[in-house]
Amino acid sequence: MRLDPFSLKLFISVVERGSIAAAATLENEADVGICTASTPALGLEVFPYHEDELVLLVPRGHALARKRTVALIDTLDHEPAVPVHALRRGDAGGSQAAGR
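The rules behind each value
- Residues numbered from 1 in each chain as written.
- Predicted model: local features only at pLDDT ≥ 70, side-chain atom pairs only at ≥ 80, totals over all residues.
- Heavy atoms only, no water.
- Helix = DSSP H or I, 4+ residues; strand = E, 2+ residues; numbered from the N terminus.
- Buried < 20%, exposed > 50% of the residue type's maximum accessible area, 1.4 Å probe, protein only.
- Polar contact = N/O pair within 3.5 Å; in protein donor to acceptor, adjacent residues only side chain to side chain.
- Arc of directions from axis to C-beta.
- pLDDT = per-residue confidence, 0-100.
- Contact = heavy atoms within 4.5 Å.

(A) View of the overall build of the chain. A tally of helices and strands in the chain yields three helices and zero strands. For the chain, the N- to C-terminal ordering of α and β elements is α-α-α. Counting all 100 residues of the chain, 10% fall into the buried class.

Here it is, written out as structure tokens:
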């Protein structure tokens, strides 16, 4: 049996807080939700979905621009352009292990 794609009803809502997506899924307001692995999801089944490849942005001439590869620990002595809490989750290469 083939589904008629025109008979499907699809509603997509983008929210920037994973806790909202989790609550909507738990309360059956959404069939599925996507959030970070650190979002509390009690009462829901959680499946790995996607891995992001992070890239580092530096201006030409920056000390890190001369490197072929850069680990998170290499960036810790430089001013970040992203919130520090995003760098200190411990999932990107050792900032917690370095005690920073």
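That covers the picture; the talk isn't over yet.
(B) Structural view of the side chain of Thr-25. Considering the arrangement of structural elements, one finds Thr-25 in helix α1 (residues 18-26). A relative accessible area of 15% places Thr-25 in the buried class. At 2.8 Å, the side chain of Thr-25 forms a polar contact with the backbone oxygen of Ala-21.

(C) Inspection of α1 at higher detail. Those residues of α1 that sit buried are Gly-18, Ala-21, Ala-22, Ala-24 and Thr-25. The buried residues of α1 occupy one face: seen down the axis, they fall within an arc of 165 degrees.

(D) Molecular detail of the confidence of the model for the chain. Per-residue confidence for the chain gives a mean pLDDT of 76; residues scoring 70 or more make up 74%. Model confidence for the chain, summarised as mean pLDDT per element, is weakest for helix α3 (residues 84-87) at 49 and strongest for α1 at 88. Here residues 87-98 scores under 50 on pLDDT; set against residues more than four positions off or in separate chains, the count is 16 contacts.

(E) Fine view of the side chain of Thr-75. With respect to the secondary-structure elements, Thr-75 resides in helix α2 (residues 72-75). Residue class for Thr-75 comes out buried when judged on its relative accessible area of 13%. Reaching out from Thr-75, the side chain makes a polar contact with the backbone oxygen of Leu-72 at a distance of 2.6 Å.

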